[in-house]
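The chain contents come next:
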Amino acid sequence: MASVLAGYALTDAALISTAGGGDPQFGDAAVEGADAYGEVLAGLLDPGTYPALSAAVRGGALRGGEGWADDGDFRFGLELLLDGVEALIARRASGGDVGGK
């Protein structure tokens, strides 16, 4: 579980760093918000490997996002992860998760 939480934090940091121009290879991408990030992501996603995500991004799922890289979004995602961990612990404590890892 620690690796899931670390991965979440690292991915968020990488997205914010990339969007803010932290990585020189993305300097020309001009990723300044969710709209621009969606355009970059649409170009990177392989529709054969990620058909649903690719269709959603190409369909405009990230259009109109304002304030997309803020602490509230990070906390919301973190709370979703932690709620899932809490539910798993409760399910295992009640014996409802037979054979889980």
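Residues numbered from 1 in each chain as written. Predicted model: local features only at pLDDT ≥ 70, side-chain atom pairs only at ≥ 80, totals over all residues. Heavy atoms only, no water.

Colleague: Which parts of the structure should I look at to understand the overall build of the protein chain?
Modeller: On a plain count of helices and strands, the protein chain comes out with 4 helices and 0 strands. Order of helices (α) and strands (β) in the protein chain, N terminus to C terminus: α-α-α-α. Intrachain contacts of the protein chain at a sequence separation of at least 6 include 53% that bridge at least 24 residues. By element, 59% of the accessible surface of the protein chain is carried by carbon and sulfur atoms, the whole surface being about 7,100 Å². (Helix = DSSP H or I, 4+ residues; strand = E, 2+ residues; numbered from the N terminus. Contact = heavy atoms within 4.5 Å. Areas by Shrake-Rupley, 256 points an atom, 1.4 Å probe, with all protein chains shown as cover.)

Colleague: Looking at this model, I keep getting lost on the side chain of Ser54. Mind explaining?
Modeller: Counting through the fold element by element, Ser54 comes out in helix 3 (residues 51-58). Accessibility expressed as a relative area gives 2% for Ser54, which makes it buried. When residues no more than four places from it in sequence are discounted, the contact partners of Ser54 are Leu45 and Pro47. (Buried < 20%, exposed > 50% of the residue type's maximum accessible area, 1.4 Å probe, protein only.)

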